[in-house]
Amino acid sequence: MAEFDLLIKGGRIVDGSGLPGYIGDVGVRDGRVAEMGVLSGSATRTIDAGGLVVAPGFIDHHTHLDAQVLWDPYATSAPEHGVTSVITGNCGLALAPVGPGGEDSLVKSFVRVETIPRKALEEGVPWGWRSFGEYLNALEGKLGVNVGAQAGHIAIRHRVMGEEAVERTATEDEIGQMCQLLRQAMEGGAMGFSTNRNPRHLREDGKPVASRLAGDDELYALCDVLANMNAGVIQTILGLSCMEHLPWYDALARRTGRPITWQSLQHRWADPDLWRQQLDGIEPTFKAGYQIYGLTNTTPLIRRFSLKNAQAFDEFPTWKNLTFLPEQVRKQAYVDPETRAKMKADIADPRPTNFHRRWDLVNVIKTRDERYLGKSVAEVAAIRDQEPVDALIDLSVEEDLETTFQSANTGGDPEAMGHILRSPYVLMGQSDAGAHVQFDANFGYSTTLLGLWVRERGAMSLEEAIFKLSFQVASVYDIRDRGLLRPGYAADVTIFDPATVKPCEPEWAEDYPARTRRMVQRSEGLHYTIVNGHVLYDDGKLSEQLPGQVLRGSAYSPVSS
Ligand SMILES: [Zn+2]
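Residues numbered from 1 in each chain as written. Predicted model: local features only at pLDDT ≥ 70, side-chain atom pairs only at ≥ 80, totals over all residues. Heavy atoms only, no water.

K.L.:
Help me understand the overall build of the protein in this model?
P.N.:
In terms of regular secondary structure, the protein is built from 18 helices and 26 strands. Relative to the 2.2 N^0.38 estimate, which gives 24 Å for 561 residues, the radius of gyration of the protein is 23 Å and therefore close to what a compact globule would have. Over its C-alpha atoms, taken along the principal directions, the protein stretches across nearly 80 × 60 × 50 Å. Excluding contacts between residues fewer than 6 apart, the proportion of contacts in the protein whose partners are at least 24 apart in sequence is 75%. Side chains of the protein give 57 positive and 75 negative charges; the mean places of these two sets differ by 1 Å. (Helix = DSSP H or I, 4+ residues; strand = E, 2+ residues; numbered from the N terminus. Rg over C-alpha atoms; globule rule 2.2 N^0.38 Å. Contact = heavy atoms within 4.5 Å. Lys, Arg positive; Asp, Glu negative; His and termini not counted. Charge placed at Lys NZ, Arg CZ, Asp CG, Glu CD.)

K.L.:
Looking at this structure, I do not really get the coordination of the zinc ion. What am I missing?
P.N.:
Perfect tetrahedral coordination of a metal by four donors corresponds to 109.5 degrees between them, and perfect octahedral coordination by six donors corresponds to 90 or 180 degrees. For the zinc ion, the full set of protein donor atoms is H62 (NE2), H64 (NE2) and C91 (SG), and the range of their distances to it is 2.1 to 2.3 Å. Mapping the donors of the zinc ion onto the primary sequence yields the spacing H-x1-H-x26-C. Taken as a pair, H62 in the loop between β6 (58-60) and α1 (68-71) and C91 in the loop between β7 (83-88) and α2 (103-113) lie far apart in primary sequence, 29 residues in all. C91 matches H62 in its accessibility class, with the two residues each being buried. (Donors = N, O, S within 2.8 Å, 3.2 Å for Na, K, Ca; no water. Buried < 20%, exposed > 50% of the residue type's maximum accessible area, 1.4 Å probe, protein only.)

K.L.:
What's the story with helix α4 (residues 132-139) in this structure? I'm lost.
P.N.:
Each full turn of the α-helix corresponds to 3.6 residues, which orients residues three or four apart in the same direction. Along α4, the positions that sit buried rather than exposed are F132, G133, Y135, L136 and L139. One side of α4 carries all its buried residues, which in axial view fall inside an arc of 155°. Next to the buried residues of α4 lie α1, β7, β8 (146-149), β9 (151-152), α6 (172-187) and β26 (550-551). Trailing α4 by a residue or two, G141 shows a phi angle of about 80°, which is positive. (Arc of directions from axis to C-beta.)

K.L.:
Can you walk me through the sheet that holds strand β16 (residues 404-408) in this structure?
P.N.:
Pairing between the strands of a sheet is mediated by backbone hydrogen bonds and can be parallel or antiparallel. Pairing is antiparallel across the open sheet formed by three strands, whose spatial order is β14-β16-β15. Only two strands of the sheet have a single partner each, and these edge strands are β14 (302-305) and β15 (362-366). Within this sheet the neighbouring strands show an average axis-to-axis angle of 25°, counted without direction. (Pairing = 2+ DSSP bridges. Axes fitted to C-alpha atoms, helices over the stretch in contact; angles between N-to-C directions.)

K.L.:
Would you take a moment to explain the pattern of salt bridges for this structure?
P.N.:
Where charged atoms from two side chains of opposite charge approach closely, those side chains can pair. The tally for this structure, following the rule as stated, stands at 41 salt bridges. The salt bridge involving D481 is made with R482; its shortest N-O contact spans 3.8 Å. Here D481 falls in the partly exposed class, since its relative accessible area comes to 25%. (Salt bridge = Lys/Arg side-chain N within 4 Å of Asp/Glu carboxyl O.)

K.L.:
Where do I start with the side chain of Q263 in this structure?
P.N.:
Within the element layout of this structure, Q263 appears in strand β12 (residues 260-263). For Q263, a relative accessible area of 7% puts it in the buried group. The contact partners of Q263, leaving out residues within four places of it in the chain, are H62, C91, Q235, T236, I237, G239, Y249, L295 and Q430.

K.L.:
Quick question: what am I supposed to make of the packing of aromatic side chains here?
P.N.:
Each aromatic ring pair is summarised here by two numbers: the centre-to-centre distance and the angle between the ring planes. Across all of its chains, the model carries 17 aromatic pairs by this definition. A ring pair is formed by W71 and Y512, whose centres lie 5.0 Å apart and whose planes are at 80°; its orientation type is edge-to-face. Within this pair, whereas W71 is found in helix α1, its partner Y512 is found in the loop between β20 (507-509) and β21 (518-520), the two being separated by 441 residues in sequence. Its relative accessible area of 4% is what places Y512 among the buried residues. Between Y249 and W262 the ring centres are 5.1 Å apart and the planes differ by 15°, which places this aromatic pair in the stacked class. With Y249 in helix α8 (residues 246-256) and W262 in strand β12, this residue pair connects regions lying 13 residues apart in the sequence. W262 gets classed as buried once you look at its relative accessible area, which sits at 2%. Lying across the ring of W453, R457 places its NZ or CZ 5.0 Å from the centre. (Phe/Tyr/Trp six-rings, centres within 6.5 Å; stacked < 30°, edge-to-face > 60°. Lys NZ or Arg CZ within 6 Å of the ring centre and 35° of its normal.)

K.L.:
What is the right way to read the side chain of H267 from this model?
P.N.:
The residue H267 is located in the loop between β12 and α9 (274-288) in this model. Other than its neighbours up to four places away in sequence, H267 contacts P272, W275, N409, T410, G411, G412, D413, A416 and I420.

K.L.:
Could you clarify how one ought to interpret the nonpolar core in this entry?
P.N.:
Considering soluble globular proteins, one finds that nonpolar side chains tend to be buried as a cluster. The biggest cluster of nonpolar side chains holds 125 residues, and the ones touching the most others in it are Y135, L182, I282, L450, Y477 and F496. Ranked by size, the runner-up nonpolar core spans 27 residues in total, among them F305, V364, I393 and L395. (Core = buried A, V, L, I, M, F, W, Y, C linked by side-chain atoms within 4.5 Å.)

K.L.:
So what exactly am I meant to see when it comes to unusual backbone geometry here?
P.N.:
Leaving glycine aside, a negative phi is the common case for residues, and trans is the common case for peptide bonds. Of the consecutive residues T76 and S77, the connecting peptide bond is found in the cis state with omega at 15°. Relative to the assigned elements, S77 resides in the loop between α1 and β7. Cis rather than trans, the peptide bond between Q263 and S264 has omega equal to -15°. Note that S264 resides in the loop between β12 and α9. With a phi angle near 50°, N230 is a residue other than glycine that sits in the positive phi range. Topologically, N230 is positioned in the loop between α7 (216-229) and β11 (233-237).

What follows is the structure in structure tokens.
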């Protein structure tokens, strides 16, 4: 019998701790790293990793793959980018707990906030669970990658209040029931609790997502559950980025002693110095001994949109209201002079927004008119001798709202991005994998960090980058046997060529349920992704094995779930 199931020979081991890499071998047995160093034992399979980097598998902690992992055990395209574990249940959205008949309330939020096609959710989610633990149990044995999940405030609120969850604040009694459900979810294996106050986050029917109706009393009571259990991360999204939120994170961290993550710390064209103020602003909290991690992405957050589906403008009331009208009515409204004037007034209103109002940064990527392709809306407006807003709307109406635009609000300034990415107070990720599937695919946040920021721009060392993609996340999320390459740890490994690793441009696939389309993203230079000792991704090919495990939080108690 071979000594090792898998032997990875001669790679540069960058183990996730931040320590300098070294040449060595990794021997894997029974799904775990058995030995490291210079190994000569026999192995069932040997991988020659000469010239390649051998690192712990990456943990993508900000995903909305809650539904996708039910029909796609590999969470594609995550393994193509070295990701071996994904965490779902972000931003308050989750598929459990759910009461009888409550399923559609949850679908309504996913459809709109995360723009996942309704048909895909209706056909692809095999409901049947009630509790959070039962949802996790439904995943057991059916996973390619490892999956952990946070308890989402929206699901918990609906479970207690039904559809009134999107209408009103909760009574004391209802808050008590929510706390009970959260406790059960944590005992069922939740990695933490997520909530959402983003004023732009609406359901399909235009109502606010349920967690937005919660007052601080409800939110504090729920967060106290984690404090009392001494477990779990608190993930928050308050919407518009501004300095005013920082005291709230600080108070929550001091009250609970739990790690808080918040969205997001980015360079924004709409407010180009805010990131520096935010970094300075959270430092005193960390210095005092409390953790309030800002989330950032490595890639410019690119939004592709058409006026058929223009959530990009949900911050502007007239624009937002129009998106809820049937398409024919909407087209008429777009050309109505009075409505147009209101739309312009919305954009001209100087209040702070996430949208940068920079028409030179919004580009046309699909149009029937060759002259406009690739041009910015500002340039199109000049060609048409119109104001930018008129050019955007008129061109769209002329093309049956099929004209597609793309804009990056964040991440555009390399100098600022370097500072942000290097900060110890920033958590890398925010891929939003599994969300906005018809507009983008951000699976490649890790390969972007390794290719663009480490190799091309030298913003940080490889060791630091790997730490941020693995052990930092495992530590904040209290995943105790992953995120490092060490004997005894789970054999989640990624092997890549540091000279070539990079993400490819997102492309269309028709692999969602009900043959709905979505965007996927391949990579280059990423050779192997290994989950619990099984080679899941091998130079462009996914295996058909299911080595993934459900990751359960530290409060997990098998008896009570
Ligand atoms: Zn999210």
